[in-house]
Amino acid sequence: MRNFRFLLVMACLLLLATTAYAQPKGKPNPPKKKGTMFQGTIKEKPWTKSSQSYCAQGSEYFVLVQSNGEELVIQNNSTQKLSDFADKQVTIEGKIETKTIKPSNNPMEQRPVNSMIGPDGKEIKEADFTCTVLVVTKIK
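(A) The arrangement of the overall build of the chain in detail. A tally of helices and strands in the chain yields two helices and seven strands. The order of helices and strands in the chain, counted from the N terminus, is α-β-α-β-β-β-β-β-β. Across the 140 residues of the chain, 24% fall into the buried class. Approximately 10900 Å² of the chain is accessible, and the part contributed by carbon and sulfur atoms is 56%.

Here you go:
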């Protein structure tokens, strides 16, 4: 009788665990969620040999300068032109994302150095470069 109860309890726990972690078939439609709001001034910046410029992955690029002086590199996913808002105080709807840039095989390409060191103290390979960008969905 004791073994039967134990097996019954275990079967119930297994059933609950399986149903709790079951995934529906197909791709569910995630609920549309508004992005976070960011305020500041949009500034256009020229290309330089900086990690910020490399993160922008272009020649000229735009940043949002917040009131605390922090600059966020902008990745524009809206239909609006960033140049229309240059040097203006704006509110941006968007989100912060981490961007990973893999090194190319081109030895002439200039990029920030970010390498991995193995346990023996020798360089293993050049590592991926990561940075954060503000992905813009709407500018007001």
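(B) Main features of the pairing of strand β3 (residues 71-76). Relative to β3, strand β2 (residues 61-65) runs antiparallel, the two sharing three bridges. Within β3, the residue paired with V63 across the bridge is V73. Hairpin connection of β2 to β3: five residues between the antiparallel strands, including G69 at a positive phi of 90°. Where β3 lies against strand β7 (residues 129-139), four bridges are found, and the strand directions are parallel. Looking at β7, one finds that I74 is bridged to L134.

(C) Focus on the nonpolar core. Formed by 13 residues in total, the largest nonpolar core has its most connected members in I42, L64, I74, V90, I92, L134 and I139. Those elements that place two or more of their residues in this core are β1 (36-45), β2, β3, β4 (89-101) and β7. The element that contributes the greatest number of residues to this core is β7, accounting for three residues. For V90, the residues in contact, after removing those within four places along its chain, are F38, Q39, G40, I42, L64, F85, I139 and K140. Within the second largest apolar cluster, 10 residues are counted, among which are Y54, Y61, V63 and I101.

(D) Highlighting unusual backbone geometry. A positive phi angle, close to 65°, is found at D87, a residue other than glycine. In this fold, D87 is placed in the loop between β3 and β4. Residue class for D87 comes out exposed when judged on its relative accessible area of 55%.

(E) Highlighting the pattern of salt bridges. Scanning the entire structure with this criterion turns up three salt bridges. One salt bridge in this structure joins D87 and K43, with 3.3 Å as the shortest N-O distance. Remark: K43 occurs in strand β1 and D87 occurs in the loop between β3 and β4; sequence separation between them is 44 residues. A relative accessible area of 34% places K43 in the partly exposed class.

(F) Spotlight on the pairing of β2. Extensive coverage of β2 is indicated by the burial of four of its five residues. Sheet topology places β1 next to β2; five bridges connect them, and they run antiparallel. Paired with K43 across the two strands is V63, which belongs to β2.

(G) Quick look at the sheet that holds β3. Strand order in this closed barrel of five strands is β1-β2-β3-β7-β4, and the pairing throughout is mixed. Each adjacent strand pair in this sheet contributes to an overall mean axis angle of 55°, direction not counted.

(H) Inspection of the state of the cysteines at higher detail. Throughout the structure, instances matching the rule amount to one disulfide. In this model, C55 is linked to C131 through a disulfide, with the two sulfur atoms separated by 2.1 Å. With the S-S bond torsion at 85°, the cross-link from C55 to C131 turns out right-handed. Here the residue C55 occupies a position in helix α2 (residues 51-56), and C131 occupies one in strand β7, the gap between them amounting to 76 residues.

Cut-offs applied
Residues numbered from 1 in each chain as written. Predicted model: local features only at pLDDT ≥ 70, side-chain atom pairs only at ≥ 80, totals over all residues. Heavy atoms only, no water. Helix = DSSP H or I, 4+ residues; strand = E, 2+ residues; numbered from the N terminus. Buried < 20%, exposed > 50% of the residue type's maximum accessible area, 1.4 Å probe, protein only. Areas by Shrake-Rupley, 256 points an atom, 1.4 Å probe, with all protein chains shown as cover. Pairing = 2+ DSSP bridges. Core = buried A, V, L, I, M, F, W, Y, C linked by side-chain atoms within 4.5 Å. Contact = heavy atoms within 4.5 Å. Salt bridge = Lys/Arg side-chain N within 4 Å of Asp/Glu carboxyl O. Axes fitted to C-alpha atoms, helices over the stretch in contact; angles between N-to-C directions. Disulfide = S-S within 2.5 Å.

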